[in-house]
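# Working through the structure, step by step
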Amino acid sequence: MSDHAPAHHPLLRRRDGHHARVSFAELFFDLVYVFAVTQLSHELLTNLTLTGVVETLVLWFAVWLGWQYTCWVTNWFDPDTPRIRSLLFAVMLAGLVMAAAIPGAFGERGLVFALAYVAIQVGRTAYIVFELGKDHPLAANYRRMLGWVTIAAVFWITGAFLEGWLRAALWAIAALCEYISPMFGFALPGLRRSRTSDWTIEGGHLAERCQLFVIVALGETVLATGATLARTNNWDAAILSAMLATFLGTLAMWWLYFGTSSEDATRTVTRSDDPGRIGAYFHYLHAILVAGIIATAVGNDLVLAHPHDAVKTSYALVLSAGPAIYLLGSAIYKKVVYGAVPASHIAGVVALAALVPLASQVDLLTIGWSTTIVMLAVSFWEGRMLRKRRADRAERQVVH
């Protein structure tokens, strides 16, 4: 946590030096995002084309940004106060409408999706600006933020009145406005820019919120595996083998995050001299990590539903790309935490890429097992490195 806490305000969290817990209201809020992640994976599964990938990617950034900006609000403001809790539930309602509109977002429900999303981003930010007043140290940051989400809102709503690639282009610009603007301190003419050193976040809480979203995404992957298995009439050896492969692949992703780096990540952001900067990095990187999990869930569905089918190019790409995106996101994440990119992750990405040209010679079950073996190998490699880091840390503590 920053040495200089923000000025007192009745809605702000009270900083007493202890780890701020994640409230039940925040956990309840996250349930909407279980539904949103499920909607996104189903949308990609039914439209495995270049157009489908681009559309799902744009929608994913909207889902992530709505959650991310709300997460920062509940890091600064106490979600157990009636006004902030009410705000959270209002955002939750709009998020439910937004998630329900995802299947038709690039069709007849484009305006519903855009309006629900704009209501989340602009409505929540405007409310915080109103509550803070003019003179609070956080007020200028939120005024800049309101400027950027309003600019983005123009592109979201305008895009809803267009179709196809024009809608995708305008919505991509809108998402970039909200994703990139924090990197430049929400700079706007006449309002200057914010500094990350002024973002006096509670580091442990922010790290835990990111970790919980990863659990949400991994949980959806497990639920999808179970649902696909339940719909299958004949549980033969191939189906059971496919289920084992998808489960072990999900387990490997869990281990690579929670088994090897999550505790160290919490320590990194908490002890940083500039926790706002590290917290911002975490949010940027988790967008990539969770995107990899969503794509992996789609690949798992394909393997379970059609284990003996030949591997189409689109199938091979999603089966390899999902874990590869996850490993790339994890590699950058560990660069922030440990200061070095893990060689295991780079080797894993290369191995996954090498599977693509070989996929046409095998069936979906074989390629599914191949990607799982790669992920397990990376996990074991990282496990060894974790034990080495801990041994080195213990040795340094003994010396000092």
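The following paragraphs examine the structure supplied in this document. (Residues numbered from 1 in each chain as written. Predicted model: local features only at pLDDT ≥ 70, side-chain atom pairs only at ≥ 80, totals over all residues. Heavy atoms only, no water.)

### Observations regarding a nonpolar patch on the surface
On the surface, I215, F247, L251, W254 and W255 cluster together to form a nonpolar patch covering roughly 460 Å² of accessible area. Ranked by residues supplied to the nonpolar patch, first place goes to helix α8 (residues 237-259) with four residues. Mapped onto the secondary structure, W254 falls in helix α8. Assessed through its relative accessible area of 37%, W254 is described here as partly exposed. (Patch = residues over 30% accessible without salt bridge, like charges linked within 9 Å, V, L, I, M, F, W, Y side chains within 5 Å. Areas by Shrake-Rupley, 256 points an atom, 1.4 Å probe, with all protein chains shown as cover. Salt bridge = Lys/Arg side-chain N within 4 Å of Asp/Glu carboxyl O. Helix = DSSP H or I, 4+ residues; strand = E, 2+ residues; numbered from the N terminus. Buried < 20%, exposed > 50% of the residue type's maximum accessible area, 1.4 Å probe, protein only.)

### Let's talk about the side chain of K334
Relative to the assigned elements, K334 resides in helix α11 (residues 313-338). Taking relative accessible area as the criterion, K334 reaches 1% and is therefore assigned buried.

### Here we look at the packing of α11 against helix α12 (residues 343-358)
Between α11 and α12, the least distance of the axes is 9 Å, while the angle of their chain directions is 170°. Between α11 and α12, the angle falls in the class roughly antiparallel. For the pair α11 and α12, the crossing hand works out as left-handed. Contacts from A316, L317, S320, P323, A324, L327, L328, S330, A331 and K334 of α11 reach α12 at H345, G348, V349, L352, L355 and V356. (Axes fitted to C-alpha atoms, helices over the stretch in contact; angles between N-to-C directions. Parallel < 35°, antiparallel > 145°, perpendicular 65-115°, else oblique. Left-handed = near helix turned anticlockwise from the far one by under 90°. Contact = heavy atoms within 4.5 Å.)

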